[in-house]
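Per-entry structural report
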Amino acid sequence: MEFHQYLKQLRVKRFKDTKKMCIMLGVSKEEWRKIERGINPPPRRTVLNKFCVLTAALGYEQAQ
């Protein structure tokens, strides 16, 4: 599974409303959607850390 697909899978499990999650992360909804589609590179480490806390996620390496 590619990283952007993993992010989307985690987000869908935890948040139905992408807008609410983006506000908590401090990123724009459009930017996050591009990340989930693989257009933009992965977000900054600080954003990823917040995302992991919000979704109670394992590290990407641990999940594979």
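Residues numbered from 1 in each chain as written. Predicted model: local features only at pLDDT ≥ 70, side-chain atom pairs only at ≥ 80, totals over all residues. Heavy atoms only, no water.

1. Some remarks on the overall build of the protein chain
- Broken down by element type, the protein chain carries five helices and zero strands.
- A total of 64 residues make up the protein chain; the buried ones form 31% of that total.
- Surface exposure of the protein chain reaches about 4600 Å², of which carbon and sulfur atoms provide 52%. (Helix = DSSP H or I, 4+ residues; strand = E, 2+ residues; numbered from the N terminus. Buried < 20%, exposed > 50% of the residue type's maximum accessible area, 1.4 Å probe, protein only. Areas by Shrake-Rupley, 256 points an atom, 1.4 Å probe, with all protein chains shown as cover.)

2. So, the confidence of the model for the protein chain
- Looking at the protein chain as a whole, its pLDDT mean stands at 88, while 89% of the residues score no less than 70.
- Mean pLDDT across the elements of the protein chain ranges from a minimum in helix α5 (residues 60–63), with 53, to a maximum in helix α3 (residues 29–37), with 95. (pLDDT = per-residue confidence, 0-100.)

3. A short note on the environment of leucine 7
- With respect to the helices and strands, leucine 7 occurs in helix α1 (residues 3–14).
- Sequence separation between leucine 7 and proline 42 is 35 residues, and the spatial gap between their C-alpha atoms is 9.2 Å.
- Beyond its immediate stretch of four places on either side in the chain, leucine 7 contacts Trp32, Ile35, Glu36, Pro43, Leu48 and Phe51. (Contact = heavy atoms within 4.5 Å.)

4. Re the nonpolar core
- The biggest cluster of nonpolar side chains holds 14 residues, and the ones touching the most others in it are Leu7, Met21, Leu25, Val27, Trp32 and Phe51.
- Of all the elements, helix α4 (residues 45–55) adds the most residues to this core, at four residues.
- For phenylalanine 51, the contacting residues outside a window of four places in its chain are Leu7, Leu10, Arg11, Met21, Leu25 and Trp32. (Core = buried A, V, L, I, M, F, W, Y, C linked by side-chain atoms within 4.5 Å.)

5. Section: the pattern of salt bridges
- Evaluated as defined, the whole model comprises one salt bridge.
- The residue glutamate 36 makes a salt bridge to arginine 11 at a minimum N-O spacing of 2.8 Å. With a gap of 25 residues between them, glutamate 36 in helix α3 and arginine 11 in helix α1 connect regions that are remote in the sequence. Exposure class is identical for glutamate 36 and arginine 11. Each is buried. (Salt bridge = Lys/Arg side-chain N within 4 Å of Asp/Glu carboxyl O.)

6. Some remarks on a positive patch on the surface
- A cluster of basic residues, Lys8, Arg33, Lys34 and Arg37, forms a positive patch on the protein surface.
- A total of three residues in the positive patch trace back to one element, the largest contributor, which is α3.
- Within the secondary structure layout, arginine 33 lies in helix α3. (Patch = residues over 30% accessible without salt bridge, like charges linked within 9 Å, V, L, I, M, F, W, Y side chains within 5 Å. Lys, Arg positive; Asp, Glu negative; His and termini not counted. Charge placed at Lys NZ, Arg CZ, Asp CG, Glu CD.)

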